[in-house]
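Architecture and fold: a report
What follows is each chain in one-letter form.
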Amino acid sequence: MPALIVGNWKMNGLGEDIAEIAAMAGSSVRNLWVAPPFTLVDRAVIVAAGAIKIGGQDCHARDKGAHTGCVSAAMLADLGAGFVIVGHSERRRDNGETDADVRAKAMAGQAAGLEVILCIGETRGERDAGETAAVLTAQLAGSLPEDSNGLIIAYEPVWAIGTGLVPTLADVSAAHAHVRSQLVARYGPAGHGVRILYGGSVTPANAGDLLAVDEVGGVLVGGASLTADSLLAIATAAP
Ligand code: PGA
């Protein structure tokens, strides 16, 4: 299975930045997905022309209704998006999203036919207290959807996001092995088929090493995903 390279643009990108997605789509790299802000999904789908998959950074748990300012998974699918990120730590922190909320969003994404990237990860304090495995276990127990259709997990230590700090490769390996064991415990053999991404300060310089770690099936990239040059350099660093 070739590594999957996913860019999360967060709250970045105006119309002119669509040129970056066009450049990504124009390359020969075919394992790239990008989640631009909602405002660019429509245009991104058009310039991606099927060469790279475009997704949303969040969705509401319901498919429609009186939820001002929210976007449903069905709306993303309607635009031609192919995936949605749920449970990013910035959503959990800034919008108070709980594991139960994340689970509902994940299931909404699946119901709309999207692949779902579900994010989990420990804080610095939790890691220092030796609680990483317990935190991941609890987050998975609370947020995994009923079945694993189209499910991808992103392990993103909160303290590594946007900080330039990255866990040791041994720590990444241990966390991914733990996530895998939880997925198999939950879904049985199907748990082996769920891809696990690493996220947090991935750059062209460290991507090769991270992608070589056992059970790292790809990376979720924030800051270094904003230009085609940078994201393509990460993609070509895959072993
Ligand atoms: P970063 O963000 O690559 O800028 O650390 C990763 C993420 O939040 O997905």
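It should be noted that the structure appears before, not after, this text.
Definitions and cut-offs
- Residues numbered from 1 in each chain as written.
- Predicted model: local features only at pLDDT ≥ 70, side-chain atom pairs only at ≥ 80, totals over all residues.
- Heavy atoms only, no water.
- Helix = DSSP H or I, 4+ residues; strand = E, 2+ residues; numbered from the N terminus.
- Rg over C-alpha atoms; globule rule 2.2 N^0.38 Å.
- Buried < 20%, exposed > 50% of the residue type's maximum accessible area, 1.4 Å probe, protein only.
- Phe/Tyr/Trp six-rings, centres within 6.5 Å; stacked < 30°, edge-to-face > 60°.
- Polar contact = N/O pair within 3.5 Å; in protein donor to acceptor, adjacent residues only side chain to side chain.
- Pairing = 2+ DSSP bridges.
- Axes fitted to C-alpha atoms, helices over the stretch in contact; angles between N-to-C directions.
- Contact = heavy atoms within 4.5 Å.

**Brief notes about the overall build of the chain**
Helix and strand content of the chain: 10 helices and eight strands. Scaling as 2.2 N^0.38, a compact globule of 239 residues should have a C-alpha radius of gyration of about 18 Å, and the chain matches this with 17 Å. Principal axes of the C-alpha set define a box for the chain whose edges measure 45 × 45 × 35 Å. In the chain, buried positions account for 51% of the 239 residues.

**Focus on the packing of aromatic side chains**
Aromatic rings in a pair are described by how distant their centres are and how their planes are angled relative to each other. What the rule picks out here adds up to two aromatic pairs. Residues Trp33 and Phe83 carry aromatic rings whose centres are separated by 4.9 Å and whose planes lie at 35 degrees to one another, so their mutual orientation is tilted. Taken together, the residues span a long stretch of sequence, with Trp33 in strand E2 (residues 32-35) and Phe83 in strand E4 (residues 83-86) at a distance of 50 residues. Residues Trp33 and Phe83 agree in their burial class; the two are buried.

**Structural notes on the side chain of His60**
Of note, His60 is situated in the loop between strand E3 (53-56) and helix H3 (73-79). Within the structure, the side chain of His60 is placed 2.9 Å from the backbone nitrogen of Arg62, a separation counted as a polar contact.

**Remarks on the sheet that holds strand E8 (residues 218-221)**
As summarised here, the arrangement of the eight strands in space is E1-E2-E3-E4-E5-E6-E7-E8, forming a closed barrel in which the pairing is parallel. Sheet twist, expressed as the mean angle between neighbouring strand axes with direction ignored, is 25 degrees. When strand E6 (residues 151-155) meets strand E7 (residues 195-199), the two strands line up parallel, connected through four bridges. Within E7, the position partnered with Ala154 by the bridge is Leu197. Sheet contacts for helix H5 (residues 99-111): E4 and strand E5 (115-120); angle to E5, the most-contacted strand, approximately 165 degrees.

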